[in-house]
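A structural walkthrough
The primary structure of each chain is shown beneath.
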Amino acid sequence: MKVLVTGGTGYIGSHTCIQLIEQGYTPVVIDNLCNSKEMVLDRIEQVTGVRPTFMQGDIRDSAFLKRVFAKHSIDSVIHFAGLKAVGESVEKPLKYYDNNVSGTLTLVSEMDLAGVKSLIFSSSATVYGDPASVPIKEDFPTSATNPYGRSKLMVEECLRDFQQANLDWSITLLRYFNPVGAHESGLLGEDPQGTPNNLLPFVAQVAVGRREKLGVFGNDYNTPDGTGVRDYIHVVDLADGHLAALDKMKHQPGTHIFNLGTGQGNSVLEMVHAFETAANRPIPYEIKPRRAGDIAECYADPTYAEAHLGWKATRDLQTMVEDTWRWQSQNPNGYQ
Ligand code: NAD
Ligand code: UFG
């Protein structure tokens, strides 16, 4: 079965390609390489023995997508391609609406023309805004606090409307919590360009000596140690969640929504200390003011996914930080 993977050379897409290949699927990767490198394909081949078919291009380019669907008989699409930097989205909102919203609309139009009716979309826990309580269930109210989050919410709503008008489609919205970790081989991982926005890549770069110290954004939240609490999920567990969604939902018309998280919250300082143990070295840090837009606590109620997809995260915090460290220490400058 051929699965089109948009954004397949990116962080989550590349790990999903490995799990797809290992479970007998044939991924066809498209990516414009705006935030990833073609070398990722070499690494996927090293791990699996299979080099995925790759076509470089943009999801906003309908002529390109027509060529992709004409060349390959695609059964389902897993759609990762998108921009994800919250801060940049505040400065350049139109770039985010164009890429994430228009790009998805173009993709869905071309799927429709090609008769491909099964889609899995990368959404985010950011669509819950500042939740009134935790753990977060799928039926909690949604809102957006920045253009990136609004682009995810807009796409969710567009897809829901589209599915209502096209009842034979299966659309699955996967709301990821905080993806971390790397492939256990140490060959694939997260390779942010410039200064990392997210906690674990920053910690990993401090550990490997690329940065002097971590800034901890606030220690006065109403949490056990005062620092922010998140639901960190291993990227390979997340990838497996996509396979479960593909397997269970492909032939189930409807709009399906699942949280992909572990259900466990960990604080910034817990993450720092876990990483210190994995890397066997201190991680210098200093307490800084809160980061604008951050919330105190965010973690999933993952029981709906377990009940309906037969999936749950299995990799613990220690595995997440050890795998991140293996990737970072073996590839101190990322994919070079
Ligand atoms: P990533 O940047 O590593 O991967 C995204 C890939 O999409 C990149 O390879 C990039 O080059 C490609 N891309 C972007 N715009 C494109 C376009 N117009 N046409 C073709 N390719 C394009 O990011 P990731 O962490 O792997 O995230 C994948 C998806 O998951 C994104 O949609 C992101 O918003 C979503 N998500 C990520 C997180 C996270 O913390 N990593 C959390 C929630 C949701
Ligand atoms: N943090 C620091 N210092 C840093 C970076 C982060 O203290 O240098 C803290 C944050 O304040 C927060 C926690 O670490 O308490 C996690 O921050 P991240 O930036 O790693 O993750 P967020 O939860 O802020 O955001 C992530 C993704 C978003 C997504 C959101 C919800 O980056 O795209 O999860 O899924 F929308």
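Residues numbered from 1 in each chain as written. Chains lettered and ligands numbered in written order. Predicted model: local features only at pLDDT ≥ 70, side-chain atom pairs only at ≥ 80, totals over all residues. Heavy atoms only, no water.

1. Concerning the UniProt feature "domain: NAD(P)-binding" (unreviewed entry) in the protein
- The UniProt record annotates "domain: NAD(P)-binding" (unreviewed entry) at residues 4–324.
- The span residues 4–324 carries 40% helix and 18% strand; its end-to-end C-alpha distance comes to 27 Å. (UniProt positions renumbered as here; feature names shortened; annotations may be inferred. Helix = DSSP H or I, 4+ residues; strand = E, 2+ residues; numbered from the N terminus.)

2. Comments concerning the sheet that holds strand β11 (residues 254–260)
- Ordered by their spatial adjacency, seven strands build an open sheet running β3-β2-β1-β4-β5-β6-β11, and the pairing between neighbours is parallel. Strands at the two margins of the open sheet, each flanked by one partner only, are β3 (53–56) and β11. Taken pair by pair, the neighbouring strands of this sheet meet at an average axis angle of 20°, ignoring direction.
- Against the sheet, helix α8 (residues 235–249) contacts β1 (2–6), β4 (76–79), β5 (118–124), β6 (170–176) and β11, and its axis sits at roughly 160° relative to β6. (Pairing = 2+ DSSP bridges. Axes fitted to C-alpha atoms, helices over the stretch in contact; angles between N-to-C directions. Contact = heavy atoms within 4.5 Å.)

3. A few points about the site of ligand 2
- Around ligand 2 there are 20 residues in total, and Asn198, Gly215, Arg230, Arg291 and Asp294 lie nearest to it.
- In the environment of ligand 2, an oxygen atom lies 2.5 Å from a nitrogen or oxygen atom belonging to the side chain of Asp294.
- Burial of ligand 2 by the surrounding chains reaches 89%, relative to a free accessible area of 680 Å².
- At four residues, the largest contribution of residues to the shell around ligand 2 is made by strand β8 (residues 214–217). (Near = heavy atom within 4 Å. Polar contact = N/O pair within 3.5 Å; in protein donor to acceptor, adjacent residues only side chain to side chain. Areas by Shrake-Rupley, 256 points an atom, 1.4 Å probe, with all protein chains shown as cover.)

4. Quick notes on the state of the cysteines
- Scanning all chains against the criterion turns up zero disulfides.
- Counting only cysteine sulfurs, Cys17 is the nearest neighbor of Cys34, a cysteine outside any disulfide, at a range of 16 Å. (Disulfide = S-S within 2.5 Å.)

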